Amino acid sequence: MKTRDLFAKLFVTDHYFTIAIRKRPTESIVENPVFAPEFVVPASRQHWCADPVLVDDGEKTWLFYEAVLGDHGHIEVAQVLEDCTLGKPTVLLKDECHYSYPFVFRYENTWYMIPESSAASQVRLYRAVAFPEKWEPVTVLLREKAVDTTVFAHNGQLYLLTYLPDAATERVTPGAYKLNLPEGTLTDLPWEEYDELRVRGAGPVFAEGQTRYRPAQISREQRYGDGLVFYRITDPAGYREEPGFWMGPEHLRIRGCYADGLHTYCRSERFEAIDIRVGTVDFAKPFKKLFGK
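**Here's the deal with the overall build of the chain**
The number of helices and strands found in the chain is 2 helices and 20 strands. Its C-alpha atoms give the chain a radius of gyration of 19 Å, within 12% of the compact-globule value 19 Å for 293 residues. Taken over the C-alpha atoms alone, the chain extends approximately 60 × 45 × 40 Å along its principal axes. A buried classification covers 51% of the 293 residues belonging to the chain. Long-range pairs, those at least 24 residues apart, make up 48% of the contacts in the chain with a sequence separation of at least 6. Split by element, the accessible area of the chain, about 14100 Å² in all, is 49% carbon and sulfur. Averaging the locations of the 35 positively and 42 negatively charged side chains of the chain gives two centres separated by 5 Å.

Okay, structure coming up:
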């Protein structure tokens, strides 16, 4: 057992996720994956957040994310302010379905969103009626229990990546498609080489020079959020990629909380955000267990 895992087992309680934000430093994350946030969203085991997606609209930057109250997730948006804090959040999607990972992208001057709605066994496409607060359903892209659906563009073509989870473990099977909008039709693409525990999507694809990187989760059989691996996309139409670099808990520099995991990375022109798994350190935990308190 790793030292961090042993420490967490002995002394850490109430694990949950929250979001950490910083201004983009001059040194790229590709060169230095150390992440020291300027703001961490206040959260608790009863009310937490995850799956950040940053988008720019003119001079404003918006953070879309999953907010969880109890065990039910919904989608919110808030403006990222100059000091990396957030403005007042607005609830976008909240009904009987559990929503997460609100992937937002712009195509031909129209804003689209694909939230994770695997609880409904659907991959749903939404379109902004009044960005960023009002959205309408467009179509169902896939009738699958898929997670973390991500879209990116290459040479004028949109590509959609999604992942089908194994119900018994954290393993997933990825799928790649060409996406045609506004029709919302998909064309299958091959994706032959992958690691089932290191392929699940973890944020938008981003470019560094001529290289595109895809963040993916590092998971174990029964646990997710151990870190991120960033793949270099070598053939979008293939689909092929190769490992580039990685980010783990040891790269986090966060004061005031115990962080032992992360599973999403995103960036805009001026900001970067990750979600982090945090917990409360309680050195009396072993004694409480021993004496049943």
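So much for the structure itself; the text now carries on.
**Remarks on the environment of His72**
With respect to the helices, strands and loops of the structure, His72 is situated in strand β5 (residues 72–79). Residue His72 is classed as partly exposed on the basis of its relative accessible area of 28%. Measuring from C-alpha to C-alpha, the distance between His72 and Gly279 comes to 20 Å, with 207 residues separating the pair along the chain. Dropping the residues within four chain positions of it, His72 is found in contact with Ala67, Asp95, Glu96, Cys97 and His98.

**Things to note about unusual backbone geometry**
Residues Phe131 and Pro132 are joined by a peptide bond in cis, for which omega reads 5°. Residues Gly238 and Tyr239 are joined by a peptide bond in cis, for which omega reads 0°. Phi at Cys84 is positive, roughly 75°, even though this residue is not glycine. Structurally, Cys84 is set in the loop between β5 and β6 (90–93).

**What about the packing of aromatic side chains?**
A full pass over the atoms with the stated rule returns 18 aromatic pairs. Taking 4.3 Å as the distance between ring centres and 5° as the angle between the ring planes, the aromatic pair formed by Phe230 and Phe245 counts as stacked. With Phe230 in strand β17 (residues 223–235) and Phe245 in strand β18 (residues 240–247), this pair connects stretches of sequence that are 15 residues apart. As far as the burial class goes, Phe230 and Phe245 line up, both buried. Seen in terms of ring centroids, Phe230 and Tyr265 are 5.6 Å apart; in terms of plane orientation they differ by 75°. Their pairing is edge-to-face. Of the two residues, Phe230 is situated in strand β17 and Tyr265 in strand β19 (residues 258–267); the sequence distance between them amounts to 35 residues. Under the relative-accessibility criterion, Tyr265 is labelled buried at 0%. Through a chain of ring-to-ring contacts, three or more aromatic side chains come together here, namely Phe206, Tyr213, Phe230, Phe245 and Tyr265. Looking at Arg22, its charged tip hangs above the ring of Phe35, at a distance of 4.3 Å from the centre.

Rules and cut-offs
Once a new chain begins, its residue numbering starts again from 1 and follows that chain's sequence as written. For a predicted model such as this one, the threshold for reporting local features is a pLDDT of at least 70, and the threshold for listing and counting side-chain atom pairs is 80 or more; totals across whole chains, interfaces and linings nevertheless cover every residue. Values shown for side chains rest on all heavy atoms present in the structure; no hydrogens or waters enter the calculation. Helix and strand definitions here come from DSSP, where helices need a minimum of 4 consecutive H or I residues and strands a minimum of 2 consecutive E residues; each element is numbered from the N-terminal end. Values of the radius of gyration come from C-alpha atoms, whereas the globule rule sets the reference at 2.2 Å times the count of residues to the power 0.38. Burial classes follow relative accessibility: with a 1.4 Å probe on protein chains only, a residue under 20% of its type's maximum area counts as buried, one over 50% as exposed, and anything between as partly exposed. Contacts were defined at the residue level, with two residues in contact if any of their heavy atoms lie within 4.5 Å. Here the accessible surface of atoms and residues is derived via Shrake-Rupley with a 1.4 Å probe, and residues count as covered only by protein chains that are part of the display. Only four residue types enter the charge count: Lys and Arg as positive, Asp and Glu as negative, with His and the chain ends excluded. Charge placement uses NZ in Lys and CZ in Arg. For Asp and Glu, CG and CD serve respectively. Note on aromatic contacts: the rings of Phe and Tyr and the six-membered ring of Trp form a pair at centre separations within 6.5 Å, being stacked when their planes are under 30 degrees apart, edge-to-face when over 60 apart, and tilted otherwise. Here, a charge over a ring means that NZ of Lys or CZ of Arg falls within 6 Å of the ring centre while also lying within 35 degrees of the ring normal.

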